[in-house]
Amino acid sequence: MTYEVTIDGKSHRLELERADGLWQCRLDGRQIRLDAVLTRRDVLSVLIDGKAYEVKRERTPTDMHLWVGAERFAVELRDPRSLRSRKGSAADERGAKKLVAPMPGRVVRVLAPAQTEVEAGQGVMVVEAMKMQNELKSPKKGVVQKVLAAEGAAVNAGDVLAIVE
Amino acid sequence: MTYEVTIDGKSHRLELERADGLWQCRLDGRQIRLDAVLTRRDVLSVLIDGKAYEVKRERTPTDMHLWVGAERFAVELRDPRSLRSRKGSAADERGAKKLVAPMPGRVVRVLAPAQTEVEAGQGVMVVEAMKMQNELKSPKKGVVQKVLAAEGAAVNAGDVLAIVE
Amino acid sequence: MFKKILIANRGEIAVRVIRACRELGITSVAVYSDVDRASLHVRKADEAYYIGPAAASESYLNIAEILDVARRSGAEAIHPGYGFLSENAKFAQACVDSGIKFIGPTAAAMEMMGSKTRARQRMEQAGVPFVPGTSRALESFDEAEQVAARIGYPVMLKAAAGGGGKGMRLVGSPDDLESALEAARSEAQRSFGDSEVYLEKYIVNPRHIEMQILGDEQGNCVWLGERECSIQRRHQKVLEESPSPLVDPDMRRRMGEIAVRVARAADYTNAGTVEFLSDQEKNFYFLEMNTRLQVEHPVTELITGLDLVHLQIRIASGEKLPFTQEQVQIRGHAMECRIYAEDPDNHYFPSPGKITLLLAPSGPGIRHDSGIYEGWTVPIDYDPLLAKLIGYGTDRKQTIGRLLRALNEYFVGGIKTNLSLFRRILNDPDFQAGNLDTGYLDRLLALSAGTASAPAGGSEIAAVAAGLFAVLEPIAPSSHGTSSHGGGDRNGTSSWKRTARAEGLRSG
Amino acid sequence: MFKKILIANRGEIAVRVIRACRELGITSVAVYSDVDRASLHVRKADEAYYIGPAAASESYLNIAEILDVARRSGAEAIHPGYGFLSENAKFAQACVDSGIKFIGPTAAAMEMMGSKTRARQRMEQAGVPFVPGTSRALESFDEAEQVAARIGYPVMLKAAAGGGGKGMRLVGSPDDLESALEAARSEAQRSFGDSEVYLEKYIVNPRHIEMQILGDEQGNCVWLGERECSIQRRHQKVLEESPSPLVDPDMRRRMGEIAVRVARAADYTNAGTVEFLSDQEKNFYFLEMNTRLQVEHPVTELITGLDLVHLQIRIASGEKLPFTQEQVQIRGHAMECRIYAEDPDNHYFPSPGKITLLLAPSGPGIRHDSGIYEGWTVPIDYDPLLAKLIGYGTDRKQTIGRLLRALNEYFVGGIKTNLSLFRRILNDPDFQAGNLDTGYLDRLLALSAGTASAPAGGSEIAAVAAGLFAVLEPIAPSSHGTSSHGGGDRNGTSSWKRTARAEGLRSG
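Residues numbered from 1 in each chain as written. Chains lettered and ligands numbered in written order. Predicted model: local features only at pLDDT ≥ 70, side-chain atom pairs only at ≥ 80, totals over all residues. Heavy atoms only, no water.

Participant: Could you give an account of the interface of chain C and chain A, naming the residues involved and the relevant values?
Facilitator: Size of an interface: often given as the accessible area lost when the parts come together. Between chain C and chain A, the contact holds 68 residues from the first and 65 residues from the second. Taking both sides of the interface into account, the surface hidden between chain C and chain A amounts to around 6200 Å²; carbon and sulfur atoms contribute 64%. A:Arg40 is paired through a salt bridge with C:Glu374; the nearest N and O atoms lie 3.0 Å apart. Where chain C touches chain A, the interface holds 10 residue pairs in polar contact (both at pLDDT 80 or more). Of all the secondary-structure elements, those providing two or more residues to the side of chain C that touches chain A are β16 (349-350), β18 (357-359), β22 (411-413), α16 (458-472) and β23 (493-498) of chain C. When residues of the side of chain C that touches chain A are assigned to their parent elements, the largest contribution, 15 residues, is made by α16(C). (Contact = heavy atoms within 4.5 Å. Buried area = accessible area lost by both parts, 1.4 Å probe. Salt bridge = Lys/Arg side-chain N within 4 Å of Asp/Glu carboxyl O. Polar contact = N/O pair within 3.5 Å; in protein donor to acceptor, adjacent residues only side chain to side chain. Helix = DSSP H or I, 4+ residues; strand = E, 2+ residues; numbered from the N terminus.)

Written as structure tokens, this is what we have:
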């Protein structure tokens, strides 16, 4: 199996192959022989040259992280054989940008309704959770195209709240 | 939804219906109104008239139990609309009987090879686990038709080890 | 002894009290709001009743509804936990009026301690030490000069009508007093329309140290040792310990005796905490009394071997304190980490949501008082305290080692927590040396986090593990971030403001 | 202090020692057999090495392989845990010969205590009390009469060559002595070809009480309080507590001093336990010394506030005991439940297999030392001890209440455990009154289990819940028993016999 893995934004090429009950890996060309078992859901026990690592997988609605001990890594994984391509999202990044709820909460105020011109970093709406208010700011200079959550609405992490173009 | 539920061998007819976010049940004709949520996998929180019950579901390879607090109940459930019928297994019970491994272990001795005549309660084979030996006894008087696990074999809970007819 | 108790709270403290009830053979009654039906306290209670919508004002602060549940369920007493109604004298009185025992002090004692001016008068009469200074406005510069000379520099000028730092001036030497007084007065006039200013000794690097007391309804009162609570962020406690690294047996005895004097002066019954401000020379001054069980009560339980909730219930049921001051044995060292749902990498913003994976620590010297479980969704409506990790050891060093070990085992996936903050504090040499004051944590956080704890090759292992997970436990592509993971976009989150602290959950 | 320690064990005790290493900043090295790759001790260790097939003789008892791993990994010391190689003097010596520190007593001390006759000689010289009687064969009826009169009736006659009850006779009064002696002699002759018989005082309703000691390599030795271990089934401990309900401060001091005398007579170092048989009048007699850490060491840790594994490691690294006998503070009450994978409804047969659901207890006064996790498959190859649930409280009653509360929270699904046995013991009035002896548990189990604890309507709730589960969380029909659930057929399982106890894991 071959994967393209991005760890904290840095891309790696990973080849994995089973060998005598162990795993033979090539990470960016470098050979690593290791022993790995899934101990329980989302918890992997990895042994490399006698060193033991407990790796935890964390999934949130918006992203995936792996924890090696107490250290956290943002992870993206793709199988190069997969048909899916990155171009779509790359184009997204250039044009319209989405304002995404970073955590569940409730919209308490819309600061920049649709069609408002906004500067990069200007507040678009205020979301409250656990008695704290979070002002969500425009990721770019542009015009608010749509506001997708009204005042008083409950939102989940990962919900698109507005689009700025 | 209507079910036939057997609790510790006793059969009950259960009708379940959602009503205003709660559940309206009829158990053997008696009305029970209750509030139930699945809190995590296999753990149900049930409220009936203010009383709170934590019900745990336990699945082993051979059976299913529900625990209400510290009390354990053997449970069978069937949907009467289901096509499956009980006749097959009922016939089994009358004719050939299976000798089933009650837990994982290793066969250390076969006491009654195939074609041996055995009395009810006579030892058929010995299985060892955790340094204790368990003599599995014939469930009926008859002849050992087949022995399905050889000496030294590892067996799992629920495996059929022999058939006596 | 009571047969049935209602717990007017939620989260870890409700679970804590439910456990105490079960240990004493008392039936526990939980209450819950719309978003708490699946909460751990409802799972663990013997009975549970719905009391209203998510908003605390309509559920956990809804006195009428809670008393109605108490009556319907036949509860003889109510434990308020901390926060919510725990320091609400009206609620305590309403319980009495309904013939239900409130497990805590009387409404009168709560009211007295709740009024700063009445409390100060009464406590000064009882000989309780306050920060030296004038409690009234200064008449003249001469008076200011005399008072400052008497209490010693540095001193702090404060606006009598003030708050929020307006009209405050720190004065380091006599030369600066006159100009500072004028500046403070004119700023006070501009800000509050009142130029009156008073003067207090300025405590350099103060420590927040508090004393646990317990009084029965027969007039017996004991102290149970101090807790150092100097590790604070935005005036909220983060980590507490007992004994305090500062306090020696003599200071402990003096502080304990004064705390008992405070309690007696207020006719105080049940569990309470007397808060002091201490300087680094072991002078300490009365701040206020918390008239309830504190979040951090477990550290006192571990060093004394007592169960404060059992004792609260026994006292409320009319029992005498089962021991004397001399029989209290303080042994070992305990420390509590408050585990919050908040993101340390992002200004400690709250992080409610679904807990996808939970590995809880256990083993020697570790107590875990938790209100969460794997698969539960932390609601957006309440305080972000998830659980408390409490360590006990023979001495402070062993306790720190055990907590670091437990933090290593502890994992909460799906939401952000402040677990990494405790790794940082407990590994910090200044903390380990016991050099604490209320500014400690802000100073630590102002430093860059550093990368000392990162194991070599961690990112390589993560890369390999990502592939292994994909092979061994594939997950649906929709549920993880194969596309851009910019959802938690750092640009998008900023300038959180705490809006309300009506429940005061984090203060104590 | 050591930098790296190898733990030559598995299960909960390996996890326990790994935790201590991490708390002390020591790198831990685990070893594992074929069936333990996914075990908790491998997950928790810093390093882990394969040592052989499932059979203990080829892995956890494989001295050559374990020493090879120690050398390859650079471990400076080996902690043997309990069971396996922990009381193997050859292993202790092989460690020394390989330049690796064995964390425990010297091989010489282990050998001495391992030999009953040498140990008895040395201990009698040191004035350690044994059960009164003749240690040699009786010469004549006259001698028997004199000895019996001296030590007092009842007495027990025992075959010198004997065992298994053959040639034994209980004698209640002088009138019965002569006929009993003749009967015992002829039975001994028939059974063993040797008619020699000796005589001992018969202890009515004996209690098993043991004393923890700790000695450093500088010659200091202290005792740390007793543990009552009278709750046994088939001579295996099930529940232990400290203090013993029988022991008063004077008896504790006397027993402690004799235990220290035993240790000194054997030049004993590190942690050890001196076992005594006690009668109900507080007379106690030396039985044997266990030259290792005991399964039940946590109860001593909780009442003393000390960490015995930390201290074992410190002592082995050459440190002096950091406290004196006078500084040991015993406070509160602790009790341990040994959670085994065995079926209480079916003669306590072992029950290995996959753990499908695990709810672990926590909170005030609860310590959970576990070697298991949800999703793990308990292998068929080793001792069925899964975990230890240890409770601490201000007094014995509170400790029992806390354990009952914790047992209520504790759930292990997929395999059978003896959790219900502890509910029964802890709720039993005789146990609560402290009326214990080594026959207690057999008597309790001989009574029918009763149905006192069954809540009314439990089966109705189970019936409704079965339907609710089917709607809310349907599972594949293959994985639960919709067909006849006769798999665990009661007829099929019987007459288990314990085959070997080479590792002695359950003995203490």
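Participant: So, the side chain of D:Lys388: which residues are in play, and what are the values?
Facilitator: Residue placement: D:Lys388 occurs in strand β21 (residues 385-393). With residues up to four places along the chain from it excluded, the contact list for D:Lys388 reads D:Glu12, D:Val295, D:His297, D:Pro298, D:Glu336, D:Cys337, D:Arg367, D:His368 and D:Asp369.

Participant: Please set out the domain arrangement of chain A residue by residue, giving values where relevant.
Facilitator: Here the domain parsing of chain A yields domain 1 (2-78) and domain 2 (94-164). For domain 1 of chain A versus domain 2 of chain A, the separation of C-alpha centres amounts to 35 Å. (Domains from an automatic or database assignment.)

Participant: Tell me what's going on with empty space enclosed by the protein, and back it up with residues and numbers.
Facilitator: Counted by the stated rule, this structure contains 12 cavities of 30 Å³ or more. If you add up the space inside the largest cavity, you get close to 920 Å³. Elements supplying a minimum of two residues to the lining of the largest cavity: α2 (40-44), β18 and β19 (366-370) of chain C together with α2 (40-44), β18 (357-359) and β19 (366-370) of chain D. Tallied by class, residues from the lining of the largest cavity come to 16 nonpolar, 8 polar and 16 charged. Computed from the structure, the second largest cavity encloses a volume of approximately 370 Å³. Forming the boundary of the second largest cavity are 25 residues, of which C:Leu302, C:Tyr392, D:Leu302, D:Gly365 and D:Tyr392 lie nearest the centre. Secondary-structure elements contributing two or more residues to the lining of the second largest cavity are α10 (297-304) and β19 of chain C together with α10 (297-304), β19 and β21 of chain D. Its residues placed into classes, the lining of the second largest cavity shows 11 nonpolar, 6 polar and 8 charged. (1 Å grid on protein atoms, 1.4 Å probe; cavity = no way out; pocket = protein on both sides within 12 Å on 5 of 7 lines; lining within 4 Å. Points joined across faces, edges and corners; volume = space filled by probe spheres on them. Nonpolar A, V, L, I, M, F, W, Y, C, P; charged D, E, K, R; others polar.)

Participant: Account for the environment of C:Ala119, with residues named and values stated.
Facilitator: Residues and elements named next belong to chain C. By the secondary structure assignment, Ala119 is in helix α6 (residues 116-125). For the pair Ala119 and Glu288, spaced 169 residues apart in the sequence, the C-alpha separation amounts to 8.2 Å. In this structure Ala119 touches Met112 and Met113, once residues within four positions along its chain are discounted.

Participant: So what's going on with the packing of helix α5 (residues 107-114) of chain D against helix α6 (residues 116-125) of chain D? Residues and values would help.
Facilitator: For any two helices packed against each other, one specifies the inter-axial angle together with the distance between the axes. All names here are of chain D. Contact pair α5 / α6: the axes reach a minimum separation of 5 Å and the direction vectors enclose 95°. With respect to α6, the axis of α5 lies roughly perpendicular. Within the contact between the two elements, α5 uses Glu111, Met112, Met113 and Gly114 and α6 uses Lys116, Arg118, Ala119, Arg122 and Met123. A per-class count over the contact of α5 with α6 returns 4 nonpolar, 1 polar and 4 charged. (Axes fitted to C-alpha atoms, helices over the stretch in contact; angles between N-to-C directions. Parallel < 35°, antiparallel > 145°, perpendicular 65-115°, else oblique.)

Participant: Lay out the domain arrangement of chain C in plain terms, naming residues and giving numbers.
Facilitator: Looking at chain C, the domain boundaries give domain 1 (4-103), domain 2 (132-201), domain 3 (204-331) and domain 4 (338-470). Each of domain 2 of chain C and domain 3 of chain C has a C-alpha centre, and these two points are 32 Å apart.

Participant: Just give me the short version of the interface of chain B and chain D, but keep the residues and values in it.
Facilitator: Taken together, the 65 residues of chain B in the interface contact 68 residues of chain D. Taken together, the two surfaces of chain B and chain D that pack against each other cover about 6200 Å², and 64% of this comes from carbon and sulfur. Contact with chain D buries surface across chain B, with B:Met130, B:Lys131 and B:Met132 losing the most and accounting together for 15% of the total. There are 6 salt bridges connecting chain B and chain D. Where chain B touches chain D, the interface holds 10 residue pairs in polar contact (both at pLDDT 80 or more). Among the elements that make up the side of chain B that touches chain D, the one with the highest residue count is strand β8 (residues 71-78) of chain B (8 residues).

Participant: Outline the environment of D:Arg423, supporting the account with residue identities and numerical values.
Facilitator: In this fold, D:Arg423 is placed in helix α13 (residues 419-427). For D:Arg423, a relative accessible area of 17% translates into the label buried. C-alpha of D:Arg423 to C-alpha of D:Leu407: the two residues are 16 residues apart in sequence and 7.1 Å apart in space. Once residues lying within four places of it in the same chain are set aside, the contact partners of D:Arg423 are B:Ala70, D:Leu404, D:Leu407 and D:Tyr410. Here the side chain of D:Arg423 touches D:Leu407 through a polar contact of 3.1 Å, landing on its backbone oxygen. (Buried < 20%, exposed > 50% of the residue type's maximum accessible area, 1.4 Å probe, protein only.)

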